[in-house]
Amino acid sequence: MSVLRIASRYAKSIVDLASETNKLDRIKQDVDTFYSAVENREFFLMLKSPIINSEKKWSICKAIFEKSFDELTMNFFQILVRKGREQYLPEIMNEFMVQYRLINKISTVHLTTASTLSDATVQSIKAKLTSAGVAESNIDLNLVVDPEVIGGFKIETSDKLYDATIAKKLDNLRKEFKGNIFVSKIISK
């Protein structure tokens, strides 16, 4: 069975159970904490390791998370360990976040600009994305300042990319001049 299929099924089960017990937001907090832990390379490799047995992995997870995680999350982790699926925990938690965003109608949008934007400009962009139907009413906006775009902006959603940066326009011009035989002959002389 593929990793995506495994992750999707287990994530759906924890989402459904959390929704039934009105703990979806609490479990989301646990998932965010888990993401922070997985950023530690040693922890990530420990989860993925076929050499470390499941019981040892469970005792490590229990020691790290038991005091801060909800009982439902800990029981879910224990079931995954018992079934030998603990190496898929990062993928399952990632799929949990995908399903959580779908349930709460949250769109993730990446906005790249050459300089920082004012709060009013950010709110205006969010409103235009929502009114245009590009994003849901709840927008998780990730702002990135990249001076290499020179000017303009780049917006990325889950399935669309709109690049209105000056760097992109200059690149397009460069390609157009390179492909134009009349201009290339003038430049080569």
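Rules used in this analysis
- Residues numbered from 1 in each chain as written.
- Predicted model: local features only at pLDDT ≥ 70, side-chain atom pairs only at ≥ 80, totals over all residues.
- Heavy atoms only, no water.
- Helix = DSSP H or I, 4+ residues; strand = E, 2+ residues; numbered from the N terminus.
- Rg over C-alpha atoms; globule rule 2.2 N^0.38 Å.
- Buried < 20%, exposed > 50% of the residue type's maximum accessible area, 1.4 Å probe, protein only.
- Contact = heavy atoms within 4.5 Å.
- Expected span 1.5 Å × (residues − 1).
- Polar contact = N/O pair within 3.5 Å; in protein donor to acceptor, adjacent residues only side chain to side chain.

Visitor: Looking at this structure, I do not really get the overall build of the protein. What am I missing?
Guide: From N to C terminus, the protein includes nine helices and four strands. For the protein, the N- to C-terminal ordering of α and β elements is α-α-α-α-α-α-β-α-β-β-β-α-α. Its C-alpha radius of gyration of 23 Å places the protein more than 25% over the 16 Å reference for a compact globule of 189 residues. Oriented by its inertia axes, the alpha-carbon framework of the protein measures out at about 75 × 40 × 30 Å. Scored against the burial criterion, the 189 residues of the protein give a buried share of 31%. In the protein, of all internal contacts separated by at least 6 residues, the share reaching a separation of at least 24 is 64%.

Visitor: Please clarify how helix H5 (residues 71–82) should be interpreted in this entry.
Guide: Note: α-helices contain 3.6 residues per turn, so residues at a spacing of three or four share the same orientation. The first and last C-alpha atoms of H5 sit 16 Å apart over 12 residues, in line with the 16 Å expected at 1.5 Å per residue. Listed in full, the buried residues belonging to H5 are Leu72, Thr73, Met74, Phe76, Phe77, Leu80 and Val81. Turning to H5, the residues buried within the fold contact helix H1 (3–20), helix H2 (24–38), helix H4 (54–65) and helix H6 (89–103). Backbone nitrogen of Leu72 and a side-chain oxygen of the N-cap are separated by 2.9 Å at the start of H5; the cap is Asp70. Backbone geometry just downstream of H5 places Gly84 in the positive-phi region, at approximately 75 degrees.

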